[in-house]
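Residue-level listing of the chains:
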Amino acid sequence: MLKRRTIAILTDYGVSDNYNGTLEGVIRKINPDIDITYITPNAKNFNIFTGAYLLNTSYRYFKKNTIFLVIVDPGVGTQRNAILVKTNNYYFVAPDNGVLYPTIVEDNIDKIIRISNKKFYLSESISNTFHGRDIFAPVASYISVGVDLNVFGEEISKSEIVKLDFSYTLERINENKVKACGKIVYIDHFGNIATTIRNVKLRTGEKALVSLRDKQLELRVVRTFAEGKENELVLYSNGYGFIEIGINMSSASNILGVKEGEDVCIEAYIQEDSNHST
Amino acid sequence: MLKRRTIAILTDYGVSDNYNGTLEGVIRKINPDIDITYITPNAKNFNIFTGAYLLNTSYRYFKKNTIFLVIVDPGVGTQRNAILVKTNNYYFVAPDNGVLYPTIVEDNIDKIIRISNKKFYLSESISNTFHGRDIFAPVASYISVGVDLNVFGEEISKSEIVKLDFSYTLERINENKVKACGKIVYIDHFGNIATTIRNVKLRTGEKALVSLRDKQLELRVVRTFAEGKENELVLYSNGYGFIEIGINMSSASNILGVKEGEDVCIEAYIQEDSNHST
Amino acid sequence: MLKRRTIAILTDYGVSDNYNGTLEGVIRKINPDIDITYITPNAKNFNIFTGAYLLNTSYRYFKKNTIFLVIVDPGVGTQRNAILVKTNNYYFVAPDNGVLYPTIVEDNIDKIIRISNKKFYLSESISNTFHGRDIFAPVASYISVGVDLNVFGEEISKSEIVKLDFSYTLERINENKVKACGKIVYIDHFGNIATTIRNVKLRTGEKALVSLRDKQLELRVVRTFAEGKENELVLYSNGYGFIEIGINMSSASNILGVKEGEDVCIEAYIQEDSNHST
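Basis of the calculations
Residues numbered from 1 in each chain as written. Chains lettered and ligands numbered in written order. Predicted model: local features only at pLDDT ≥ 70, side-chain atom pairs only at ≥ 80, totals over all residues. Heavy atoms only, no water. UniProt positions renumbered as here; feature names shortened; annotations may be inferred. Pairing = 2+ DSSP bridges. Helix = DSSP H or I, 4+ residues; strand = E, 2+ residues; numbered from the N terminus. Axes fitted to C-alpha atoms, helices over the stretch in contact; angles between N-to-C directions. Contact = heavy atoms within 4.5 Å. Salt bridge = Lys/Arg side-chain N within 4 Å of Asp/Glu carboxyl O. Polar contact = N/O pair within 3.5 Å; in protein donor to acceptor, adjacent residues only side chain to side chain. Disulfide = S-S within 2.5 Å. Least-squares fit on C-alpha atoms with pLDDT ≥ 70 in both. 1 Å grid on protein atoms, 1.4 Å probe; cavity = no way out; pocket = protein on both sides within 12 Å on 5 of 7 lines; lining within 4 Å. Points joined across faces, edges and corners; volume = space filled by probe spheres on them. Nonpolar A, V, L, I, M, F, W, Y, C, P; charged D, E, K, R; others polar. Buried < 20%, exposed > 50% of the residue type's maximum accessible area, 1.4 Å probe, protein only. Buried area = accessible area lost by both parts, 1.4 Å probe. Domains from an automatic or database assignment.

- Looking at an unreviewed UniProt entry, chain A carries the name S-adenosyl-l-methionine hydroxide adenosyltransferase, with the source organism given as Sulfolobus acidocaldarius N8.
- Its UniProt record gives chain A a comment under Sequence similarities (unreviewed entry), which states: "Belongs to the SAM hydrolase / SAM-dependent halogenase family."

Given below as structure tokens:
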């Protein structure tokens, strides 16, 4: 018996409509033994940047050869391409709009296919608004039953696909302090505000200076939001290693009223060991 | 080894409470090898009309012999019947309130059973408010393990069950134009407004006249909402073939403030081929 | 072939973020044949009391040996313990904050282990904010593949864990009437207001006096909310046996504006048989 393959879905189709259900129906018709799960069924509508973050922070926890079906697709029905990517450990099927980019680069691209073989679409005549059902879900499911990747379309190079990154700058102010500038990359349903700033170990217990919009905030650096006092905004490295603003038992986002994509800068003390290691 | 059966759930139980979880527990206790999925776990509360639309537009994408467990049940605990329906390709278990009607008629009714055999209830003494757990889920799960349909209750005829339809009128104004009148059947979480009007190919690029409430709107007919300009309400055939009002990267529903069940009329040019074919 | 084990998840991680998806990835990496389901993916944020209710009212419907992974964890990263509990019929993994307490007591505790063996964590170095991924999910999954419970940590006694209960008082006013006082324990997404008051059979058709906040309400006792007239708040025993305030086709919670944890008292007639049985 072959091991059951897993398709992990990330869409902005939501939990109230039947779009995700229809995807699952299509997938199971092709492969009844598939194991289907969700990174999330309810990514932010049309938002490629936050969709890319949700994929990038979670994909590595899935077992080898998981097929990721990623549909945040504001350009559906227009000229944008549909792509299939094989990386070192995983498979990805998505519109070519950048949503995969940080992840497939990180896991090392083996092969990119521009999907064009209508034989693997739901039918010859497809809709203009629901390519999740008509193209992406069937292709993901055909991959799961072992169809050779090359038959789905033509191989293209990394230079031909849409780029997207979670960039930030990191500058040493003095021996003990850094200034990092990036963007707000994700606000979760608790109201925690994640930034693109990462790979930096802030010294806990110290105050950091956070600039966002026209605000300057002095926030305490802690290990976990749960160390914050009532009504105290705090700064910490979130579970995925991104620097985040949160608040104990409440919503930082409600208090600060910021949005994803906005600029943020942090001036903070770094841990001694990260200092010495430079 | 028998193939795993699939139960596809559609409820208005929501994603925050434990009602769907309890359903799944009950189902798996009877059939541990079942494959459970959702059309949606969060249909609109008590809303039979929109529940019927969600089922009708998605059921055909599921594999043959899928068992649909459909619970939108404002009349729970009152005199309404519980029914089990076998159609050409599928099985359905639901309260008899019309939610199944358009779908089972479309897929051709083989047999309708009024569920009454308490042997297949969760227990002899059932609650008055949670028939999903006490009647519908166990019956669906017993079907999945092969219990003969006739033992669940008495067969009844199509004339005895509650009707519901997605009707609309279609009138030819002249050689090139039609006037269609129906109802708003569903507003999705993007804010797209689907109407009952369907099976008509509108000519893209032309303007259509849409009447709803006291409003008269001139909307461009497009292939996909993604072709709309910023802030431009557009008209198109949605992924399920129903004529829909949408807007690129925004919510038509927020702008128009309409509700499901309201009347809508459309005057529009039809495609040349659909014209010639008449 | 071994039977597939089921892990039933209850978290406040929500349906929009990727936290539940990450949990599932971690679980499947350890046990690819696991069957994963949710009591709910979206319990109320940080709310241990309502999380305990959601678990307590649903767990008994799951098949024997189900592993419950319960993560409502406002104290993550602080000194609170992680525990694993074997009861008569089930396994539970959760932070030690009371969320399991009413349930494990009800199903009879066999063994409580304070989780400490880092060998079964996601990695030696874990985060301070995402113990669901780093500790609870891997432990639940290792249980599902048969790891002996004693290797996860040290056994502790019931007296050492955090308590929580759904208490209420019940007082006989006269031969026909009782006065019961408890708390609002859960408000569901329909707006139904469940109280901790239970195990009492109210006489339907009679009026009951309900006190909450500064309000005194005279509500009709019915079998099901569906028996209520338009705009009529009614009182009934909910599907889990807890006395609940609801309203037909509308939201009692929106009308009354109350919150979980608030006090509530009910004076009502009891059923004749429950009277005689005393």
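Following the structure, the description resumes.
1. As for the sheet that holds strand β7 (residues 153-156) of chain B
To summarise the sheet geometry, strands pair through backbone hydrogen bonds and adopt either a parallel or an antiparallel arrangement.
Residue and element names in this part refer to chain B.
And step 1. Sheet architecture is open: seven strands sit in the order β2-β1-β3-β5-β4-β6-β7, paired in mixed fashion. At either margin of the open sheet sits one strand with a lone partner, and together these are β2 (35-40) and β7. In this sheet, adjacent strand axes meet at a mean angle of 25° when their direction is disregarded.
And step 2. Alignment of strand β3 (residues 67-71) against strand β5 (residues 91-95), held across three bridges, turns out to be parallel. Bridging across to β5, F68 finds its partner in F92.

2. Describing the interface of chain B and chain A
By a widely used convention, the size of an interface equals the accessible area lost when the partners come together.
And step 1. Across the contact, 39 residues belong to chain B and 32 residues belong to chain A.
And step 2. The interface formed by chain B and chain A contains one salt bridge.
And step 3. With a closest N to O distance of 2.5 Å, D35 of chain B and R28 of chain A form a salt bridge.
And step 4. Summed over the shared surface of chain B and chain A, the result is 25 residue pairs in polar contact (both at pLDDT 80 or more).
And step 5. When residues of the side of chain B that touches chain A are traced back to their parent elements, those giving at least two are β2, α2 (48-58) and β13 (233-237) of chain B.

3. Quick look at the state of the cysteines
All names here are of chain A.
And step 1. Going through the model one piece at a time under the given rule, you end up with three disulfides over all chains.
And step 2. Linked covalently through their sulfurs, C181 and C265 form a disulfide whose S-S length is 2.0 Å. With the S-S dihedral at roughly 115°, the linkage between C181 and C265 falls on the right-handed side. Placement of the pair is C181 in strand β9 (residues 177-187) and C265 in strand β15 (residues 263-269), with a sequence separation of 84 residues.

4. Structural notes on the relation of the copies chain B and chain A
And step 1. Between chain B and chain A, which share one sequence, the superposing operator has a rotation angle of 120° and an axial displacement of 0.0 Å; the RMSD is 0.0 Å. The transformation relating the two chain copies, once decomposed into turn and shift, fits a three-fold axis. Closest to the rotation axis within chain B is the C-alpha of V15 of chain B, separated from it by 4.5 Å.
And step 2. Taken together, the interface assignments show that only 10% of the residues at the interface of chain B recur at the interface of chain A, consistent with different surfaces on the two copies.

5. Quick word on empty space enclosed by the protein
Unoccupied space between atoms shows up once a probe the size of one water molecule is rolled over them.
And step 1. All chains considered together, the criterion is met by eight cavities of 30 Å³ or more.
And step 2. Empty space within the largest cavity amounts to approximately 800 Å³.
And step 3. Forming the walls of the largest cavity are 47 residues, and the residues nearest its centre are Y38 of chain A, E24 and Y38 of chain B together with E24 and Y38 of chain C.
And step 4. For the lining of the largest cavity, the elements supplying multiple residues, two or more each, are α1 (19-30) and β2 (35-40) of chain A, α1 (19-30) and β2 of chain B together with α1 (19-30) and β2 (35-40) of chain C.
And step 5. The residue inventory of the lining of the largest cavity, partitioned by class, reads 17 nonpolar, 15 polar and 15 charged.

6. Some thoughts on the environment of N128 of chain B
And step 1. One can find N128 of chain B in the loop between β6 (109-115) and α4 (131-144).
And step 2. By relative accessible area, N128 of chain B is classed as partly exposed at 25%.
And step 3. Every residue in contact with N128 of chain B, bar those within four places of it in the chain, is listed here: V76 and G77 of chain B together with R223 and T224 of chain C.
And step 4. Among the polar contacts listed, one links the side chain of N128 of chain B to the side chain of R223 of chain C, at a separation of 2.9 Å.

7. Observations concerning the interface of chain B and chain C
And step 1. On the side of chain C, 39 residues touch chain B, which itself brings 32 residues to the contact.
And step 2. Around 2900 Å² of area is buried between chain B and chain C when both sides are counted, 53% of it from carbon and sulfur atoms.
And step 3. Linking chain B to chain C there are 25 residue pairs in polar contact (both at pLDDT 80 or more).
And step 4. The element that contributes the greatest number of residues to the side of chain B that touches chain C is α1 of chain B, accounting for eight residues.

8. Description of the sheet that holds strand β3 (residues 67-71) of chain A
And step 1. The strand order across the open sheet formed by seven strands is β2-β1-β3-β5-β4-β6-β7 (chain A), and the pairing between neighbours is mixed. Only two strands of the sheet have a single neighbouring strand rather than two, namely β2 and β7 (153-156) of chain A. Along the sheet, successive strands turn relative to each other by an average axial angle of 25°, direction set aside.
And step 2. Packed on one face of the sheet, helix α2 (residues 48-58) of chain A meets β1 (6-11), β2, β3 and β5 (91-95) of chain A and runs near 120° to β2 of chain A.
And step 3. In the packing of α1 of chain C onto the sheet, the strands contacted are β1 and β2 of chain A, and the crossing angle to β2 of chain A comes to about 140°.

9. Topic: the domain arrangement of chain A
All names here are of chain A.
And step 1. Domains assigned within chain A are domain 1 (6-160) and domain 2 (169-276).
And step 2. Opposite the nine residues of domain 1 that make contact, domain 2 presents eleven residues.
And step 3. Approximately 870 Å² of surface area, both sides summed, lies buried where domain 1 meets domain 2, with 70% of it carried by carbon and sulfur atoms.
And step 4. Interface area lost by domain 1 to domain 2 is led by K44, F49 and Y53, which between them contribute 61%.
And step 5. Summed over the shared surface of domain 1 and domain 2, the number is one salt bridge.
And step 6. Note that K44 and E260 form a salt bridge whose closest N and O atoms lie 2.7 Å from each other.
And step 7. Counting across the interface, domain 1 meets domain 2 through three residue pairs in polar contact (both at pLDDT 80 or more).

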